[in-house]
Amino acid sequence: MNNVKKIGKPRLLMLGCGDVGMRMLPLVRARFRVIVVTSKPERCAELRAAGAIPLVADLDRPDTLARLARLAQVIVHLAPPQSSGEKDRRTRNLAAILPDRANLVYISTTGVYGDCGGASFDETRPTRPSNPRARRRVDAEQVLRAWARRSGSRLAILRVPGIYARDRLPLERLQKGTPALSAADDVYTNHIHADDLAAIAVRAIDQARPLRVYHAVDDSDMKMGDYFDAVARTFQLPPPPRLPRAELQQQVTPMMLSFMSESRRLRNDRLRNELGMRLRYPNVESLLKTLS
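The structure contained in this document is the topic of the report that follows. (Residues numbered from 1 in each chain as written. Predicted model: local features only at pLDDT ≥ 70, side-chain atom pairs only at ≥ 80, totals over all residues. Heavy atoms only, no water.)

On to the packing of aromatic side chains. Inspection of the entire model under this criterion finds two aromatic pairs. On the basis of an interplanar angle of 70° and a centroid distance of 4.8 Å, the ring pair of Tyr 113 and Phe 121 is categorised as edge-to-face. On the basis of relative accessibility, which here comes to 5%, the residue Phe 121 falls in the buried class. Each ring, one from Tyr 227 and one from Phe 228, has its centre 5.8 Å from the other, and the planes form 40°; the classification is tilted. Exposure class is identical for Tyr 227 and Phe 228. Each is buried. Directly above the aromatic system of Phe 121 lies the positively charged group of Arg 125, at a separation of 4.7 Å from the ring centroid. (Phe/Tyr/Trp six-rings, centres within 6.5 Å; stacked < 30°, edge-to-face > 60°. Buried < 20%, exposed > 50% of the residue type's maximum accessible area, 1.4 Å probe, protein only. Lys NZ or Arg CZ within 6 Å of the ring centre and 35° of its normal.)

Below, the structure written as structure tokens:
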């Protein structure tokens, strides 16, 4: 007689399940029982159809979070901070109920570095956020580091740049003729395909070193205007007009201007050597070639 009890799948708790989260679900649902936290009850049917167990809770309301405390030891935190303030109150609310000895992957942003003058660098560079949006992300990273240390937990921080995919290209911007920076003022940008980011997050669950930061970026080495030009060529659209910074700041939103004011090139050696990632789309051009 076999007296060994059948053990069910381990549980994975996912906070925030937008485009990248939905791309992650097919990669984890065979191994995990995936519980997805959503603040929108109307999304429950969609999440069930994708193989997840939806749970309605709100990171802005701590009173709704208590039942999350012991649901899973593996956690993927994709939820962005709230849209104002210097602190990420959502991550602070979450950290207050996270279990001990857990394994958490946090999706942060490359914006934590601020403007780096086009420098190329690895994850050892200190953060220097230049706007409240990036400062909220730095706050979240610090809060989660403190939680991991005191709770004996594993934490991987993925710093993510601009995400692209077939349905995440700046076509509307190009169709509107929104200008880009002149070559003399242009900034270096970093990129990652949404499918590759989903795969990186899954790989980090098992392969990331504790309390480790990883640049979740591809090998693209291009300036922002060149990116717009490449997309325009692929879809046979007019390239964006180029303007000096002084003129362009009169025509774009403050958020877009902030993106156009930061220039950096992030190295991804840890991604390849520690996580063993081989990207499906090693650069932006590798996707655009499939669309031309």
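In this structure, Trp 147 sits in helix α4 (residues 132-151). In sequence terms Trp 147 and Ser 83 are 64 residues apart; their C-alpha atoms lie 23 Å from each other. Ignoring any residue separated from it by four or fewer positions in sequence, one finds Trp 147 in contact with Ala 95, Leu 98, Pro 99, Ala 102, Leu 104, Ser 153 and Arg 154. (Helix = DSSP H or I, 4+ residues; strand = E, 2+ residues; numbered from the N terminus. Contact = heavy atoms within 4.5 Å.)

In this section: the side chain of Arg 137. Mapping Arg 137 onto the fold places it in helix α4. In this structure Arg 137 is buried but unpaired, with Asp 88 as the nearest side chain of opposite charge at 5.8 Å. Not counting the four nearest positions on each side in its chain, Arg 137 is found in contact with Ala 79, Pro 80, Pro 81, Tyr 106, Ile 107, Ser 108, Thr 109 and Val 112. (Lys, Arg positive; Asp, Glu negative; His and termini not counted. Salt bridge = Lys/Arg side-chain N within 4 Å of Asp/Glu carboxyl O.)

This part takes up the nonpolar core. Of all hydrophobic cores here, the largest spans 36 residues; its most connected members are Leu 12, Met 14, Leu 158 and Ile 200. The residues touching Leu 12, leaving out its near neighbours within four places in the chain, are Val 28, Phe 32, Arg 33, Val 34, Ile 35, Ala 72, Val 74, Val 76 and Ile 205. Ala 57, Ile 75, Ala 95 and Val 213 belong to the second largest nonpolar core, which has 29 residues in total. (Core = buried A, V, L, I, M, F, W, Y, C linked by side-chain atoms within 4.5 Å.)

Taking strand neighbours across the sheet as the criterion, the seven strands line up as β3-β2-β1-β4-β5-β7-β12 in an open arrangement whose pairing is parallel. Both edges of this open sheet fall to β3 (53-56) and β12 (212-215), since each of them pairs with a single strand only. Each strand axis lies, on average, 20° off the axis of its neighbour in the sheet, ignoring direction. Bridge analysis of strand β4 (residues 74-77) against strand β5 (residues 103-109) gives four bridges, and the strand direction is parallel. Paired with Ile 75 across the strands is Leu 104, a residue of β5. Set on the sheet, helix α1 (residues 19-28) makes contact with β1 (11-15), β2 (33-38) and β4; between it and β1 the angle comes to about 175°. Contacts between helix α6 (residues 194-207) and the sheet are confined to β1, β4, β5, β7 (154-160) and β12, with β7 contributing the most and set at about 160° to the helix. (Pairing = 2+ DSSP bridges. Axes fitted to C-alpha atoms, helices over the stretch in contact; angles between N-to-C directions.)

Another point: the packing of helix α7 (residues 224-234) against helix α11 (residues 284-291). Where α7 contacts α11, the two axes come as close as 9 Å, and the packing angle between them is 15°. Classified by the interaxial angle, the pair formed by α7 and α11 is roughly parallel. Considering how the two elements wind past one another, α7 and α11 form a crossing that is right-handed. On α11, the residues that touch Tyr 227, Ala 230, Val 231, Arg 233 and Thr 234 of α7 are Val 284, Glu 285, Leu 288 and Leu 291. Considered class by class, the residues forming the contact of α7 with α11 number six nonpolar, one polar and two charged. (Parallel < 35°, antiparallel > 145°, perpendicular 65-115°, else oblique. Left-handed = near helix turned anticlockwise from the far one by under 90°. Nonpolar A, V, L, I, M, F, W, Y, C, P; charged D, E, K, R; others polar.)

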